[in-house]
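Summary of structural features
Here's the letter readout for the chains.
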2 protein chains.
Amino acid sequence: MDKESVAKAILAQEKTALEAWNAGNPSGYLEIYHPDITYFDPMHQKRIDGWKNMQVYYESIRGKIKVEQYEIIDPQVEVWEETAVLTYNLFCTSEGVPYHWNCTEVYRLLADKTWKIIHNHWSLIQPAVESN
Amino acid sequence: MDKESVAKAILAQEKTALEAWNAGNPSGYLEIYHPDITYFDPMHQKRIDGWKNMQVYYESIRGKIKVEQYEIIDPQVEVWEETAVLTYNLFCTSEGVPYHWNCTEVYRLLADKTWKIIHNHWSLIQPAVESN
């Protein structure tokens, strides 16, 4: 598959997972997480390692997230060999509150030719910026 | 080079760049950034793209950072093909203020066999955690 097709497929996959997430359903991300996923977000003091630990976390918040509106800003997918790195800014509103996120997803190509996220890093842009 | 040696080399390289950074010198990171580097931190509302833009940013803060003490927590280097992903938590104190960071660095192997950072994501763990 050429790089452009990989980028398109990964972006489509992300949109599907994100829209499920926005409706409180984390299964979309769990389906595209690699067994060796590592994960950062602002709410955890340490990195989460491995699919099973992500499942525990995501199941604990299933049904609790409600995002009314989102915008994926300037997505970029860098592709080489068996690696793709998706980065974008996300603007969303959840129960009326606006959030500005930085998002990194590192994908690895599996033997079955599917792309899975082996590292995911979500972070908030500083509160001073968020409240603007 | 086997995976363990790659991991060791990357960690050593990170420590060198970080210690220079802590003394106000960003050159260590600029030296190991890939021309196509993309970069996130909490202070910028958008991703920074490309080595030249990183140079502009880093030169603007040269000599202004002073980190007295740091600890790299649970570093992990995942290596496959021409890719290595370094992740860790960083605890540091800068002019007496404690900070807890999440750090992601995606490395790509160049033709000359050096490893360069093609994506870097720094984020702060939530203020509630930081102040503990």
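Residues numbered from 1 in each chain as written. Chains lettered and ligands numbered in written order. Predicted model: local features only at pLDDT ≥ 70, side-chain atom pairs only at ≥ 80, totals over all residues. Heavy atoms only, no water.

**What about the relation of the copies chain B and chain A?**
Quick reminder of the rule: Overlaid copies result from least-squares superposition on C-alpha atoms, with residues included only where pLDDT is at least 70 in both. Any pair of residues with heavy atoms lying within 4.5 Å of one another is described as a contacting pair.
For the pair chain B and chain A, the relating rotation is 180°, the translation along its axis is 0.0 Å, and the fit reaches an RMSD of 0.0 Å. The operation mapping one copy onto its partner corresponds to a two-fold rotation axis. When each C-alpha of chain B is compared by its distance to the rotation axis, S123 of chain B comes out closest, at 2.9 Å. A symmetric contact is evident, with 100% of the interface residues of chain B recurring at the interface of chain A.

**What to know about helix α1 (residues 3–22) of chain B**
Residue and element names in this part refer to chain B. Under the convention used in this document: Secondary structure elements follow DSSP: runs of H or I no shorter than four residues count as helices, runs of E no shorter than two count as strands, and numbering proceeds from the N terminus. Here a helix's expected span is defined as the number of its residues, less one, multiplied by 1.5 Å. Each residue is placed in one exposure class: buried if its accessible area under a 1.4 Å probe, protein chains only, is under 20% of its type's maximum, exposed if it is over 50%, and partly exposed if it falls in between.
Between its first and last C-alpha, α1 extends 28 Å over 20 residues, near the 28 Å set by a 1.5 Å rise per residue. Of all the residues in α1, the buried ones are V6, A7, I10, E14, A17, L18, A20, W21 and N22. Check the buried side of α1 and you find it contacts α2 (27–32), α3 (51–60), β3 (67–80), β4 (83–94), β5 (97–109) and β6 (115–124). G24 sits one or two residues past α1 and shows a positive phi near 90°.

**Here's the deal with the pattern of salt bridges**
The test is simple: The working definition used for a salt bridge is a side-chain nitrogen of Lys or Arg within 4 Å of a carboxyl oxygen of Asp or Glu.
Scanning the model with the defined rule gives 6 salt bridges over all chains in all. D74 of chain A is paired through a salt bridge with K46 of chain B; the nearest N and O atoms lie 2.8 Å apart. One end of the pair, D74 of chain A, is in strand β3 (residues 67–80); the other, K46 of chain B, is in the loop between β1 (33–40) and β2 (48–49), on a second chain. Using a relative accessible area of 43% as the deciding quantity, one classes K46 of chain B as partly exposed.

**Looking at the side chain of N22 of chain A**
Along the chain, N22 of chain A falls in helix α1 (residues 3–22). In this structure N22 of chain A touches I65, K66, V67 and Y70 of chain A, once residues within four positions along its chain are discounted.

**Topic: the packing of aromatic side chains**
All names here are of chain A. Basically, it comes down to this: Two rings belonging to Phe, Tyr or Trp (six-membered ring only in the last case) form a pair when the distance between their centres is within 6.5 Å. Interplanar angles under 30 degrees mark stacking, angles over 60 mark edge-to-face geometry, and anything in between is tilted.
What the rule picks out here adds up to 20 aromatic pairs over all chains. A centroid spacing of 6.0 Å and a plane angle of 55° characterise the contact between Y39 and Y57, whose relative ring orientation is tilted. Here Y57 lies in helix α3 (residues 51–61) and Y39 lies in strand β1 (residues 33–40), a separation of 18 residues in the sequence. Across the pair, exposure class does not vary: Y39 and Y57 are buried alike. Among the aromatic side chains, those forming a connected cluster through ring pairs are W21, Y29, Y33, Y39, Y57 and Y58.

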